[in-house]
Amino acid sequence: MQSPFNGIRSVALTAAVMLAAGTAAYAHHGWSWTQDGFFELRGKITAIYIGNPHATLDVDAEGEAWRVEMAPPSRTIAAGFTEEVAKVGDEVTAIGNRSLEASEKRMKAVRLIVGGKTYDVYPDRVPPA
Amino acid sequence: MTEFFAGLEQLALARWLKASFIAYPVVNALHIMSIGALLTSVLLMDLRICGAFRSLPYAAFVALLRRIALAAFVGALVTGSLLFSVKASTYAAMPVFLAKMALILLAGINFFAFLRFARGGDEPAGSAILAVLSILLWTSVLFAGRFIGFL
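These remarks concern the structure in this document. Just so we're clear, the structure is a prediction, and the values are computed from it rather than from any experiment. (Residues numbered from 1 in each chain as written. Chains lettered and ligands numbered in written order. Predicted model: local features only at pLDDT ≥ 70, side-chain atom pairs only at ≥ 80, totals over all residues. Heavy atoms only, no water.)

Along the backbone of chain A there are two helices and six strands. The 129 residues of chain A split such that 43% are buried. Expressed as a percentage of contacts within chain A between residues at least 6 apart in sequence, the contacts between residues at least 24 apart total 55%. As presented, chain A carries roughly 6900 Å² of accessible surface, and 55% of it is formed by carbon and sulfur atoms. (Helix = DSSP H or I, 4+ residues; strand = E, 2+ residues; numbered from the N terminus. Buried < 20%, exposed > 50% of the residue type's maximum accessible area, 1.4 Å probe, protein only. Contact = heavy atoms within 4.5 Å. Areas by Shrake-Rupley, 256 points an atom, 1.4 Å probe, with all protein chains shown as cover.)

This is the structure in structure tokens:
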């Protein structure tokens, strides 16, 4: 019969191309998808999710719907930020790094301020005082 | 349907997985283990069907790997359903998740087509094309699944 390995070679090639493309598609993993400078977002919480696999806040900032990514839930809760300290409708200030994609309303927070309290979810990355 | 997914998220098991820093990574690891076993057994089985490793007896080799693949698929299905339940509505709305489900369906159809048409002795006629399709489909399932975490 005909060798099937041409087919297999094309599978490997497809896989390699997809892997290469995949490195550009980071969302909440790591910081490679964010800008270097600090970014501050103020708005109202529209949804709050503290749990596996990632904690997130949805924030309405002057009519724009933003997604704020937080640390893994263990770290977020260790910083004192739980579903008990904030609720939908609360004013929030999120400080962190926004997406490199300017059109994307998404950021990764290192510090959250709700109800006058500050939660440093990434204490090692917060802006210098 | 929306209510069904919201209901899934409210199950005691789903709520526990959402909050547990041990159970969730464990289920996640078991899902990866199942996928690893599934992809490896499918790849070896399909390569044998295509005519590789001819020193190994066709029927026994394919039967063994098919058994491993089916067991691994059940493992992936159970652990995958648990991971899904934590954020069911979110995943159900993701195009890449739906694409993964469609690819699994196609891989399943391909499997039954193989059982139906590729009969008669070792390396039956037409089986290589289905085997290559199987490798392509299962690899795509893996990639689509991994992208769920990044989109």
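So, on to the layout of surface pockets. Estimated volume of the second largest pocket: approximately 480 Å³. For the second largest pocket, the lining is made up of 22 residues, of which A:Ile48, A:Tyr49, A:Ile50, A:Glu83 and B:Lys18 are closest to its centre. Those elements that provide at least two residues to the lining of the second largest pocket are strand E1 (39–49), strand E2 (56–61) and helix H2 (73–78) of chain A together with helix H1 (2–10) and helix H2 (12–19) of chain B. The class makeup of the residues in the lining of the second largest pocket is nine nonpolar, five polar and eight charged. (1 Å grid on protein atoms, 1.4 Å probe; cavity = no way out; pocket = protein on both sides within 12 Å on 5 of 7 lines; lining within 4 Å. Points joined across faces, edges and corners; volume = space filled by probe spheres on them. Nonpolar A, V, L, I, M, F, W, Y, C, P; charged D, E, K, R; others polar.)

All names here are of chain A. Residue position: Thr34 is located in the loop between helix H1 (5–22) and E1. Overall, Thr34 belongs to the buried group, its relative accessible area being 7%. Side-chain polar atoms of Thr34 contact the backbone oxygen of Trp31, separated by 2.8 Å. (Polar contact = N/O pair within 3.5 Å; in protein donor to acceptor, adjacent residues only side chain to side chain.)

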